[in-house]
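Listed below, chain by chain, are the residues.
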Amino acid sequence: MAHWHETIYLGPAPVPDAPLTLHAAGITHPDPEYRIARRNLQEFYVLEYVLRGHGELVCAGEHYKISAGDVYFLQPGSTHEYYSDRRDPWEKVWVNVGGKLMDSLCEAYRLHGLVYFHNCRMETDFMEALALVRQWGAGTDLAISLQLHRILANLREWRDLHPEMRHSADGIRLKEFLDSHWQEDISVEDLAAVIRKSPAQEKMLRDFLLLKRWAE
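Residues numbered from 1 in each chain as written. Predicted model: local features only at pLDDT ≥ 70, side-chain atom pairs only at ≥ 80, totals over all residues. Heavy atoms only, no water.

Points about the sheet that holds strand E1 (residues 6-10)
Ordered by their spatial adjacency, 6 strands build an open sheet running E1-E2-E9-E4-E7-E10, and the pairing between neighbours is antiparallel. Here the strands that pair on one side only, and so sit at the sheet edges, are E1 and strand E10 (116-117). Relative to E10, strand E7 (residues 71-74) is paired through 2 bridges, and the arrangement is antiparallel. Bridging across to E10, Tyr72 finds its partner in Tyr116. Docked against the sheet, helix H1 (residues 100-108) engages strand E4 (45-52), E7 and strand E9 (91-98), running at close to 70° with respect to E4. Of the strands in this sheet, E4, E7, E9 and E10 touch helix H3 (residues 140-161), which is tilted by about 70° from E4. (Pairing = 2+ DSSP bridges. Helix = DSSP H or I, 4+ residues; strand = E, 2+ residues; numbered from the N terminus. Contact = heavy atoms within 4.5 Å. Axes fitted to C-alpha atoms, helices over the stretch in contact; angles between N-to-C directions.)

Quick look at the structure:
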């Protein structure tokens, strides 16, 4: 098993039928070789916040380019792979957690199936969760449950304020590109370069341009 440049804090021994089980938490330090791949195996939720740098995530057939300020949320049983950018490797804080409480919170906040939260500034929330794990003691199980509840509630609020997050990863990148270049004459080839696909294969690109020109 590869050993990445990480600081890891393991959770306490699991308690049968506990509503929440903390598997581990930690910080991934910049490491150009960092890569994690899981194939329908993990039984826990993965919550990660990128502090700085860049990386990439592939999940459920979608490819996400991750940068500082982004959150991604990987759910049990998913097939996914994520890795740092070799030229600008990310630094991120993360929590791996499972249990019926997480299942219920995801259901209550309608987060099932949601993976990517772009520019979702939650560094304080994640660092507070990590601090609780580092100083584990009496009452920490309740405190970490409340902190995770707060994180998921904030993700739901962010999702409601940013409905574009319901679109595909390609759709999000195209929208951001159009928003920042709205005064320019954009071609199908320009859009193809943004999502690294052939214009001949992407009718969606022409639809984006038609919408942009109609709006003008």
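Topic: helix H2 (residues 123-134)
Three or four residues apart is the spacing at which side chains of an α-helix point the same way, because the helix has 3.6 residues per turn. Along its 12 residues, H2 runs 16 Å from first to last C-alpha, staying within 8% of the 16 Å computed at 1.5 Å per residue. When H2 is considered as a whole, its buried residues turn out to be Asp125, Phe126, Ala129, Leu130 and Val133. Taken around the axis of H2, the buried residues stretch over an arc of 135°, which confines them to a single face. Set apart from the buried face of H2 by more than 90 degrees, the exposed residues are Thr124 and Arg134. (Expected span 1.5 Å × (residues − 1). Buried < 20%, exposed > 50% of the residue type's maximum accessible area, 1.4 Å probe, protein only. Arc of directions from axis to C-beta.)

As for the packing of aromatic side chains
Under the definition given, this model contains 8 aromatic pairs. A ring pair is formed by Trp4 and Tyr34, whose centres lie 5.8 Å apart and whose planes are at 65°; its orientation type is edge-to-face. Of this pair, Trp4 sits in the segment before E1 while Tyr34 sits in the loop between strand E2 (21-28) and strand E3 (35-39), and the two are 30 residues apart along the sequence. Both rings, one in Tyr45 and one in Phe73, keep their centres 5.7 Å apart while their planes meet at 20°; by these two values the pair is stacked. (Phe/Tyr/Trp six-rings, centres within 6.5 Å; stacked < 30°, edge-to-face > 60°.)

Some points on the sheet that holds strand E6 (residues 62-67)
If you walk across this open sheet you meet the 4 strands as E3-E8-E5-E6, and the pairing is antiparallel. In the strand order of this sheet, the two ends are held by E3 and E6, each with one partner. Going across the sheet, the axis of each strand differs from the next one's by a mean of 10°, ignoring polarity.

Some thoughts on the pairing of strand E8 (residues 79-84)
Of all 6 residues in E8, 5 are buried; the element is thus mostly enclosed. The pairing of E3 with E8 spans 5 bridges and is antiparallel. Its bridge partner lying in E8, Ile36 is registered against Tyr82. For strand E5 (residues 54-59) and E8, the ladder comprises 5 bridges, and the chain directions are antiparallel. Bridge pairing links Cys59 to His80 in E8.

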